[in-house]
Amino acid sequence: KQEVTQIPAALSVPEGENLVLNCSFTDSAIYNLQWFRQDPGKGLTSLLLIQSSQREQTSGRLNASLDKSSGRSTLYIAASQPGDSATYLCAVLPISSGSARQLTFGSGTQLTVLP
Amino acid sequence: SQTIHQWPATLVQPVGSPLSLECTVEGTSNPNLYWYRQAAGRGLQLLFYSVGIGQISSEVPQNLSASRPQDRQFILSSKKLLLSDSGFYLCAWRVGVTGELFFGEGSRLTVL
């Protein structure tokens, strides 16, 4: 059974710092990996989708990498801003997910960027 | 561009009352639609998914049901709410079965 782990559960950094959020998964048989952002009381916003054949994706100050063989992904945030404060979730789409194509989510990293 | 709408955003209901949450997607055709529940400290749980009109699959036996009366409309219902139905309900969609998943803004349900 696929398991997704995100460490640390919470992270606090000063504004302007570059930071890395980590995601690990136990089964490398995946279609893709997706990073989301969730603000308090809000839905999930998709940040980046990495297909299993890709190594990384970039969007603005965000860069996500994928290493399937080691079961790891990182989300790099450059020049962090207070507006980046949110919970970041990663999710994998396992090939074994059946007809539902259900994502397996990590428990998230709560990021606080201090002004 | 595609957008997804959920309503109501917030709902407070007594135990035993009915429930109807609606979700619509605009700007795409034949999306795969999903209902998730996010309970505090328990992560995201897939409740129902639908690959087409009238086609509903349930992932978790519960007090809830779902319907898809139109291509881009997904409804979550209950005839009699339980306290344990409280939570944050999220509708999501994707094109195809392995594409990017997009979520709505969510509906906060409190059952008293």
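As a reminder, the structure under discussion sits directly above these lines.
The following refers to the structure shown. Since this is a predicted model, take the numbers as computed values, not measurements. (Residues numbered from 1 in each chain as written. Chains lettered and ligands numbered in written order. Predicted model: local features only at pLDDT ≥ 70, side-chain atom pairs only at ≥ 80, totals over all residues. Heavy atoms only, no water.)

A separate point is the sheet that holds strand 3 (residues 19-25) of chain A. All names here are of chain A. Pairing in this open sheet of 5 strands is antiparallel, and the strands run 1-3-8-7-6 from one edge to the other. Each edge of the open sheet carries a strand with a single partner, namely strand 1 (4-5) and strand 6 (56-59). Here 6 bridges tie strand 7 (residues 62-67) to strand 8 (residues 72-77), and the two strands are oriented antiparallel to one another. Opposite Leu62, over in strand 8, you have Ile77 as the bridge partner. (Pairing = 2+ DSSP bridges. Helix = DSSP H or I, 4+ residues; strand = E, 2+ residues; numbered from the N terminus.)

Residue and element names in this part refer to chain A. Inspection of the secondary structure assignment puts Pro115 in the segment after strand 11 (109-114). Taking C-alpha positions, Pro115 is 6.4 Å from Pro14, a pair spaced 101 residues apart along the chain. The contact partners of Pro115, leaving out residues within four places of it in the chain, are Glu15 and Pro82. (Contact = heavy atoms within 4.5 Å.)

In this section: the pairing of strand 9 (residues 87-94) of chain B. Residue and element names in this part refer to chain B. Taken across its 8 residues, strand 9 has 8 buried, putting it largely inside the fold. By the bridge criterion, 7 bridges tie strand 4 (residues 32-39) to strand 9 in an arrangement that is antiparallel. Looking at the pairing, Trp35 lines up with Cys91 of strand 9. Looking at chain direction, strand 9 and strand 11 (residues 107-111) are connected through 3 bridges and run antiparallel. (Buried < 20%, exposed > 50% of the residue type's maximum accessible area, 1.4 Å probe, protein only.)

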